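# Notes for the structure review
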Amino acid sequence: MNLMLVFQQGDAVLTAVFLCLIVMSILTWTLIVLRSLQLWRTRRANARVEKAVWAASDWSAALNTIADSPAPLAQLAREGVEAASHYRVHAGQSLGQACGLDEYLTRALRRGLMREAARLESGMTLLASVGSTAPFVGLFGTVWGIYHALVGIGASGQAGIDVVAGPIGEALVATAAGLAAAIPAVLAYNAFTRLQRVQSQQMDHFAHDLHAQLLTSGGRSDGVR
């Protein structure tokens, strides 16, 4: 069975189906590699930031240590300290009268958590879409290929197994191609969902500790954990 015959002898619809599945597979594996590297780097960076923040003598030293870090925990720490400092500066104005430091820090950290969670979820829609649609795209290609193979066989008047096996077998490959694109996408989606849940819990715990420390020290440079 020569799969190149699908592109050489197949019509535009069957060719488009195979091209679509190839593109889906390429996008899936590219995303899997990139997301795996990103999650691995984020996990290591978060661990370094958490250790550096709680080992610092004050918030000024902590911010200097993580100044260039792109880790989500570093961004949370910077936003938390900035929110606490901003509140302390405007405590005697309308901001201080509108809500307490506890509520203001909670809002700022919640916004940071939501933004970082959204970054972690980038690309998941593609994996979910490929995993749910690729089998049906492959099945459509199979049905379309078998239909045209049977039409051609009927027109030729030859129905031997050697005549039927080739065209129908090539059409059935579309279903296998659909599964080959969908299975890695589904497995990667489940794996990334679990890893993101773990990282979200880590960020939530860090934000809770950060909130408690900033509420005590008010983000002052002499606040020590």
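The structure we're discussing is the one just above.
Source: prediction; values computed, not measured. (Residues numbered from 1 in each chain as written. Predicted model: local features only at pLDDT ≥ 70, side-chain atom pairs only at ≥ 80, totals over all residues. Heavy atoms only, no water.)

### Brief notes about the overall build of the chain
Put simply, the rule is: Strands here are runs of E lasting at least two residues and helices are runs of H or I lasting at least four, both read from the DSSP assignment and numbered beginning at the N terminus. Relative accessibility decides the category of a residue: with a 1.4 Å probe and only protein chains considered, values under 20% of the type maximum give buried, values over 50% give exposed, and everything between is partly exposed. It only takes one pair of heavy atoms within 4.5 Å for two residues to be counted as in contact. The Shrake-Rupley method, run with a 1.4 Å probe, gives the accessible areas here. Residue values count only the displayed protein chains as cover.
Within the chain one finds eight helices and zero strands. Listed by position from the N terminus, the elements making up the chain come as α-α-α-α-α-α-α-α. The buried share of the chain, taken over its 225 residues, is 38%. Of all intrachain contacts in the chain linking residues separated by at least 6 positions in sequence, the fraction that spans at least 24 positions is 77%. Approximately 12,600 Å² of the chain is accessible, and the part contributed by carbon and sulfur atoms is 63%.

### As for the nonpolar core
The tendency in soluble globular proteins is for nonpolar side chains to be buried side by side. Heads up, the rule is: Side-chain atoms within 4.5 Å are what join buried Ala, Val, Leu, Ile, Met, Phe, Trp, Tyr and Cys residues into a set we call a nonpolar core.
With 46 residues, the main nonpolar core has W59 and F206 as its most contacted residues. Those elements that provide at least two residues to this core are α2 (12–55), α3 (59–65), α4 (72–89), α6 (101–120), α7 (124–156) and α8 (161–217). Not counting the four nearest positions on each side in its chain, F206 is found in contact with E50, V53, W54, L73, L76 and A77.

### Quick look at the pattern of salt bridges
Which entries qualify depends on this criterion: Salt bridges, as used here, are contacts in which a Lys or Arg side-chain nitrogen is within 4 Å of a carboxyl oxygen on Asp or Glu.
Tallying each qualifying case throughout the model produces four salt bridges. A salt bridge links E103 to R107; the nearest nitrogen and oxygen atoms lie 2.4 Å apart. In this pair, E103 and R107 are both assigned in helix α6, four residues apart and thus about one turn of the helix distant. The salt bridge partner of E116 is R119, with a shortest N-O separation of 3.5 Å. Remark: R119 and E116 occur in helix α6; sequence separation between them is three residues, near one turn of the helix. Among the residues examined, R119 registers a relative accessible area of 46% and is labelled partly exposed. Bridged by salt links that share partners, the residues E79, R115, E116 and R119 form one connected network.

### As for a nonpolar patch on the surface
The condition is simple: Like charges are joined within 9 Å and nonpolar side chains (Val, Leu, Ile, Met, Phe, Trp, Tyr) within 5 Å, but only among residues with over 30% relative accessible area and no salt bridge; these make up the patches.
There is a patch of nonpolar side chains on the surface, built from L19, I22 and I26 and spanning about 270 Å² of accessible area. For I22, a relative accessible area of 39% translates into the label partly exposed.

### Section: the environment of R111
Of note, R111 is situated in helix α6. As for R111 and E79, which are separated by 32 residues in sequence, their C-alpha atoms are 9.6 Å apart.

### Concerning the packing of aromatic side chains
Aromatic ring pairs are reported here in terms of the distance separating the ring centres and the angle at which the planes meet. The criterion, for reference: Side-chain rings of Phe, Tyr and Trp, where Trp is taken by its six-membered ring, are said to pair if the distance between their centres is within 6.5 Å; with planes under 30 degrees apart they count as stacked, over 60 as edge-to-face, and otherwise as tilted.
Considering all chains together, one arrives at four aromatic pairs under this definition. A ring pair is formed by Y87 and Y104, whose centres lie 5.7 Å apart and whose planes are at 40°; its orientation type is tilted. Here Y87 is found in helix α4, whereas its partner Y104 is found in helix α6, with 17 residues between them in sequence. Among the residues examined, Y104 registers a relative accessible area of 16% and is labelled buried. When the centroid spacing of 6.0 Å and the interplanar angle of 35° are considered together, the rings of F140 and W144 count as tilted.

### Some remarks on the packing of α4 against α6
Rules: Every axis corresponds to a line fitted to the C-alpha atoms, with the helix fit spanning only the stretch in contact, and the corresponding angles, defined between N-to-C directions, vary from 0 to 180 degrees. These descriptions rest on fixed angle ranges, namely under 35 degrees for roughly parallel, over 145 for roughly antiparallel, 65 to 115 for roughly perpendicular, and the rest for oblique. By definition, any crossing whose near helix is turned counterclockwise from its far helix by less than a right angle is left-handed, and any crossing with a clockwise turn is right-handed. Charged means Asp, Glu, Lys or Arg here, nonpolar means Ala, Val, Leu, Ile, Met, Phe, Trp, Tyr, Cys or Pro, and polar covers whatever is left, Gly included.
Packing of α4 against α6 leaves a shortest axis separation of 9 Å and a crossing angle of 155°. The pairing of α4 with α6 is recorded here as roughly antiparallel in orientation. Our pair here, α4 against α6, has a crossing hand that is right-handed. Note on element contacts: α6 touches α4 through L101, Y104, L105, A108, L109, G112, L113, R115 and E116, opposite P72, Q75, L76, E79, G80, A83, A84, H86 and Y87. Counted by class, the contact of α4 with α6 contains eleven nonpolar, four polar and three charged residues.

### Quick look at the side chain of N46
Its place among the elements puts N46 in helix α2. Non-local contacts of N46, meaning those with residues more than four positions away in its chain, are made with A71, P72, L73 and Q202.

### Remarks on α4
Note the cut-off: Take the number of residues in a helix, subtract one, and multiply by 1.5 Å to get its expected span.
The terminal C-alpha atoms of α4, which comprises 18 residues, lie 26 Å apart, in line with the 26 Å expected from a rise of 1.5 Å per residue. Here α4 has its buried residues at P72, L73, A74, L76, A77, E79, G80, V81, A83, A84 and Y87.

### What to know about the environment of R44
Relative to the helices and strands, R44 is located in helix α2. We classify R44 as partly exposed; its relative accessible area is 44%. Counting along the chain gives 27 residues from R44 to A71, while the straight-line C-alpha distance between them is 8.8 Å.

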